[in-house]
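The chain contents come next:
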Amino acid sequence: MLPLERAGILRQEAEFVMDLIDLHDILRKYANVYPTGSYLLDLMVFPDIDLYITPVSIPQLFEIGAQIARCELVTQVVFERSEDPVLLPGGLYLKPRIRYGDWGRPWKIDIWSLDEDLISTKMAEMEHFRSRLTPELRQKIIEYKISIMTAQLRPPAYSGYYIYKAFIDEGMTDFMDVTSFLVAHGIEM
């Protein structure tokens with residue numbers, strides 16, 4: 001499968017999976033929803049959707065998780081508190097896994113409940129990337145992300161932001177230079 005074809009299929013499946021579990025209807029009852037990451041930028045290479053939601057309480061997050069889990073294709077819903085006081089201070093995390101598709105792994109949705117100011121800051125960064133993303137850069141980024149897939153059939157954890165920064169802000173095009181950039185920013189390759 002060609003890289004752009006892969007990204008397109010993943011994007012379509014992402015929409016289908018969210019509809020399947022009624023995600024937007026469930027979340028809208030509790031918070032404002034902000035798509036982010038590779039889903040927002042249309043740079044998906046594995047079945048993962050990233051969303052921010054405005055602050056909710058822990059009981060509300062568990063209500064959300066219970067509603068998501070009603071779908072029989074949902075195999076797991078994980079709750080965590082953020083342990084990163086710099087990147088995600090006070091964040092609450094919900095991660096449903098959905099058995100769908102043929103990617104060698106289930107779909108995963110990362111739902112982060114964050115302070116509205118932090119969401120605004122993070123969304124401004126994503127909008128910056130999106131405004132500078134060209135078709136050529138999109139193709140290069142997708143090809144690069146596929147080239148560094150791990151044994152877990154995904155790019156290294158937390159690498160997306162630095163990949164976008166390397167290609168879009170730093171103007172890097174050589175894959176080895178991008179990898180060095182990621183390593184310099186603490187990404188385990």
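A short tour of the structure in this document, coming up. (Residues numbered from 1 in each chain as written. Predicted model: local features only at pLDDT ≥ 70, side-chain atom pairs only at ≥ 80, totals over all residues. Heavy atoms only, no water.)

Considering the environment of E143
Looking at where E143 falls in the secondary structure, it is placed in helix α6 (residues 135-147). The sequence separation of E143 and F175 amounts to 32 residues, and the corresponding C-alpha distance is 9.5 Å. Among all residues touching E143, those that are not within four sequence positions of it are P3 and F175. (Helix = DSSP H or I, 4+ residues; strand = E, 2+ residues; numbered from the N terminus. Contact = heavy atoms within 4.5 Å.)

Examining the side chain of D110
With respect to the helices, strands and loops of the structure, D110 is situated in strand β5 (residues 107-113). Aside from chain neighbours lying at most four places away, what touches D110 is D48, I49, D50, L51, Y93, L94 and K95.

Points about α6
Given 3.6 residues to a turn, an α-helix orients residues that are three or four positions apart in the same direction. The end-to-end C-alpha separation of α6 is 18 Å, in line with the 18 Å expected for 13 residues at 1.5 Å each. For α6, the complete set of buried residues consists of L137, R138, I141, I142, Y144 and K145. One face of α6 carries all of its buried residues, which in axial projection span an arc of 165°. What points out from α6, more than 90 degrees from its buried face, is the exposed set P135 and E136. Looking at the buried side of α6, the elements it contacts are α1 (3-20), α3 (37-41), α5 (116-132), α7 (160-169) and α8 (175-184). (Expected span 1.5 Å × (residues − 1). Buried < 20%, exposed > 50% of the residue type's maximum accessible area, 1.4 Å probe, protein only. Arc of directions from axis to C-beta.)

Some thoughts on unusual backbone geometry
Despite not being glycine, D22 has its phi angle at roughly 55°, a positive value. Among the structural elements, D22 can be located in the loop between α1 and α2 (23-28). For Y158, which is not glycine, the phi torsion reads 65° and is therefore positive. Tracing the sequence through the fold places Y158 in the loop between α6 and α7. Of the residues examined, Y158 reaches a relative accessible area of 70% and is grouped as exposed.

Things to note about the packing of aromatic side chains
Tallied over the entire structure, the rule returns 9 aromatic pairs. When the ring of Y161 is compared with that of Y162, the centres are 5.1 Å apart and the planes differ by 85°; the resulting orientation is edge-to-face. By relative accessible area, Y161 is classed as partly exposed at 28%. Three or more aromatic residues link up through ring pairs in this structure, and these residues are F129, Y161, Y162 and Y164. Sitting over the face of the ring of Y39, R11 holds its NZ or CZ atom 4.1 Å from the ring centroid. (Phe/Tyr/Trp six-rings, centres within 6.5 Å; stacked < 30°, edge-to-face > 60°. Lys NZ or Arg CZ within 6 Å of the ring centre and 35° of its normal.)

Looking at the packing of α1 against α6
Interhelical geometry of α1 versus α6 gives an angle of 90° and a closest axis separation of 9 Å. Accordingly, the angle class assigned to the pair α1 and α6 is roughly perpendicular. Together, P3, L4, R6 and A7 of α1 and R138, Q139, I142, E143 and I146 of α6 make up the contact between the two elements. Its residues placed into classes, the contact of α1 with α6 shows 5 nonpolar, 1 polar and 3 charged. (Axes fitted to C-alpha atoms, helices over the stretch in contact; angles between N-to-C directions. Parallel < 35°, antiparallel > 145°, perpendicular 65-115°, else oblique. Nonpolar A, V, L, I, M, F, W, Y, C, P; charged D, E, K, R; others polar.)

Honestly, it's all geometry; don't read function into it.
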